[in-house]
Amino acid sequence: MREGTAARLKPASEPAASDRPIKVLFVCLGNICRSPTAEGVFRQLVKEAGLAGRIEVDSAGTGDYHIGERPDPRACWAASRRGYDLSPLRARQVTPDDFSEFDYVLAMDDLNMRALKQLAPPEQVHKLRMLTDFCSTGECSVPDPYAGGPQGFEHVLDLVEDAGQGLLRQIRSALST
Ligand code: 4NP
């Protein structure tokens, strides 16, 4: 349909594209360590930037092992020491519908990226990025801390805090154009 006709048919109540919140989904394997950490950190950054109404944040896992569970206690503990509260979060599995719902679908590592590429409708695959694309440090993945020690959870926090700043900068410039 051509632009003029489409504009006439658009319901008056439908918000303009710029009024819709930007929606960000962080994705790891279990949705109990890395992606809830990223969700908690980015939610806080968005709040501090005064953009809570304009940017929505969620997380999910490519696997189904931990659906309905709270974040791993080690992730909660490490996050709480830096002032982030992960306690309200519960694990869920990513779905193909997430690709139409979200503007950014951000994978933590190559394993998750491959799973997400298989799930993504072809017309939505451009929404898929690595979270580390937004890092300032040249890292290329957020390593899985599940089978390791506490230092792994600190490293996840370091990476998602850094990437979160870069992501927020990009979204801010998109919101102001
Ligand atoms: P996440 O970590 O993907 O960062 O939530 C993991 C959590 C659970 C498992 C693997 C990774 N697991 O094998 O159960």
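Only a predicted model underlies this, so the values are computations on that prediction, with no experimental measurement involved.

A. Representation of the site of the ligand in the model. If you check the shell around the ligand, you find Cys28, Leu29, Gly30, Asn31, Ile32, Cys33, Arg34, Gly61, Tyr65, Asp144 and Tyr146 and nothing else. When the residues that make up the shell around the ligand are grouped by side-chain class, the tally is six nonpolar, three polar and two charged.

B. Seen up close, the sheet that holds strand β1 (residues 22-28). Here four strands make up an open sheet; going across it, the order is β2-β1-β3-β4 and the pairing parallel. Strand pairing shows two members of the sheet lacking a second neighbour, β2 (55-61) and β4 (128-130), which therefore form its edges. Adjacent strand axes in the sheet meet at a mean angle of 25° when their direction is disregarded. Both β1 and strand β3 (residues 104-107) contribute to a ladder of four bridges, which runs parallel. Residue pairing for β3: Val24 is matched across the bridge by Tyr104. Sheet strands touched by helix α2 (residues 34-48): β1 and β2. Its angle to β2, the strand with the most contacts, is close to 175°.

C. Representation of the packing of helix α3 (residues 73-81) against helix α6 (residues 150-175). It is the contact of α3 with α6, at a shortest axis distance of 9 Å, that shows an interaxial angle of 55°. It follows that α3 is oblique to α6 by the angle criterion. Where α3 crosses over α6, the two elements pack in a sense that is right-handed. Residues Arg74, Ala75, Ala78 and Ala79 of α3 pack against Pro150, Phe153, Glu154 and Leu157 of α6. The class makeup of the residues in the contact of α3 with α6 is six nonpolar, no polar and two charged.

D. Fine view of the pairing of β3. Sheet topology places β3 next to β4; three bridges connect them, and they run parallel. Looking across to β4, one finds that Ala107 is bridged to Met130. Between the parallel elements β3 and β4, the chain passes through helix α5 (residues 110-119) in a crossover that is right-handed.

E. Molecular detail of the environment of Arg54. Take Arg54: it is sitting in the loop between α2 and β2. The class of Arg54 is partly exposed, set by 16 C-beta atoms lying within 10 Å. Taking the C-alpha atoms as reference points, Arg54 and Ile22, separated by 32 residues in sequence, lie 6.2 Å from one another. Setting aside its immediate chain neighbours within four residues, Arg54 contacts Pro21, Ile22 and Leu175.

F. Inspection of α3 at higher detail. Restricting attention to buried positions, one finds in α3 the residues Ala75, Cys76, Ala78 and Ala79. Tucked into the core, α3 has its buried residues touching α2 and α6. Phi turns positive, to about 95°, at Gly83, one or two residues after α3.

G. Examining unusual backbone geometry more closely. Non-glycine residue Asn31 carries a positive phi angle of around 60°. The class of Asn31 is buried, set by 28 C-beta atoms lying within 10 Å.

H. Layout of the pairing of β1. Counting buried residues along β1, five of its seven residues qualify, which places the element largely inside the surrounding structure. In the sheet, β1 pairs with β2 via seven bridges, with the strands oriented parallel. Bridging across to β2, Val27 finds its partner in Ala60. With respect to chirality, the unit in which β1 leads through α2 into the neighbouring parallel β2 is right-handed.

I. Geometry of the nonpolar core. Counting 43 residues, the largest nonpolar core has Val24, Leu25, Val27, Ala75, Leu106, Leu131 and Val160 as its most contacted members. Of all the secondary structure elements, the ones that give two or more residues to this core are β1, α2, β2, α3, β3 and α6. Ranked by residues supplied to this core, first place goes to α6 with eight residues. Residues within four places of Leu131 in sequence aside, it is in contact with Phe26, Ala38, Leu106, Ala107, Met108, Val142, Val160 and Ala163.

Thresholds applied
- Residues numbered from 1 in each chain as written.
- Predicted model: local features only at pLDDT ≥ 70, side-chain atom pairs only at ≥ 80, totals over all residues.
- Near = placed C-beta within 6 Å.
- Nonpolar A, V, L, I, M, F, W, Y, C, P; charged D, E, K, R; others polar.
- Pairing = 2+ DSSP bridges.
- Helix = DSSP H or I, 4+ residues; strand = E, 2+ residues; numbered from the N terminus.
- Axes fitted to C-alpha atoms, helices over the stretch in contact; angles between N-to-C directions.
- Contact = placed C-beta atoms within 7 Å.
- Parallel < 35°, antiparallel > 145°, perpendicular 65-115°, else oblique.
- Left-handed = near helix turned anticlockwise from the far one by under 90°.
- Right-handed = clockwise from strand over helix to strand, strands pointing away.
- Buried ≥ 20, exposed ≤ 12 C-beta atoms within 10 Å, placed from the backbone.
- Core = buried A, V, L, I, M, F, W, Y, C linked by C-beta atoms within 7 Å.

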